[in-house]
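If you want the building blocks of each chain, they are given just below.
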Amino acid sequence: MYFSTEIDEPDSLADFDDILWMLAHRNVEVYTSDRSWYVMVKNPCRFYRPGRGCSIYAKRPRICRAHSLRDCEFEDAYDFDLHFRSYEELETFVRKTFKKRP
């Protein structure tokens, strides 16, 4: 239903501006977990069929083959350190964070 990929940890206003650009797109979220930053794209796989599963199961990509239902957060709440669901949420965080710095 989504995929995530790690991104560089932002350490400047320019870095945060790049992440704001990501969040300006539909169905994109950014989160941190164990001090790493990730971008999440909430866009279902085009080969997923509700009630039937993967329509290319026999030739699915390596990442899908390695994925286990044990690792799936589908029914659990996400446990992120920080979670930005919108441009505005990150913008507020940046204002507060950089206001505190000298």
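Scope of this entry: the structure provided in the associated data block. Just so it is clear, the model here is predicted, and its values are computed rather than measured.

## Observations regarding the overall build of the protein chain
Then, number 1: Each helix and strand in the protein chain was counted, giving 3 helices and 6 strands.
Then, number 2: Of the regular secondary structure in the protein chain, the N- to C-terminal order runs β-α-β-β-β-β-α-β-α.
Then, number 3: For 102 residues, the compact-globule estimate of 2.2 N^0.38 gives 13 Å, and the protein chain exceeds it by more than 25% at 16 Å.
Then, number 4: Once the C-alpha set of the protein chain is aligned to its principal axes, its extents read approximately 55 × 25 × 20 Å.

## Concerning the pairing of strand E3 (residues 36-41)
Then, number 1: Bridging between strand E1 (residues 3-7) and E3 involves 5 bridges; their strand directions are antiparallel. Looking at E3, one finds that Phe-3 is bridged to Val-41.
Then, number 2: With 6 bridges connecting them, strand E2 (residues 28-33) and E3 associate as antiparallel partners. Among the inter-strand pairings, Ser-33 is bridged to a residue of E3, identified as Ser-36.
Then, number 3: The turn linking E2 back onto E3 is made up of 2 residues, and Asp-34 within it adopts a positive phi angle of 50°.

## Some points on the sheet that holds E2
Then, number 1: Pairing within the open sheet is antiparallel, and its 4 strands lie in the order E1-E3-E2-E6. What marks the edges here is a single partner per strand, and that holds for E1 and strand E6 (82-84). In this sheet, adjacent strand axes meet at a mean angle of 20° when their direction is disregarded.
Then, number 2: Set on the sheet, helix H1 (residues 13-23) makes contact with E1, E2, E3 and E6; between it and E2 the angle comes to about 135°.

Cut-offs applied
Residues numbered from 1 in each chain as written. Predicted model: local features only at pLDDT ≥ 70, side-chain atom pairs only at ≥ 80, totals over all residues. Heavy atoms only, no water. Helix = DSSP H or I, 4+ residues; strand = E, 2+ residues; numbered from the N terminus. Rg over C-alpha atoms; globule rule 2.2 N^0.38 Å. Pairing = 2+ DSSP bridges. Axes fitted to C-alpha atoms, helices over the stretch in contact; angles between N-to-C directions. Contact = heavy atoms within 4.5 Å.

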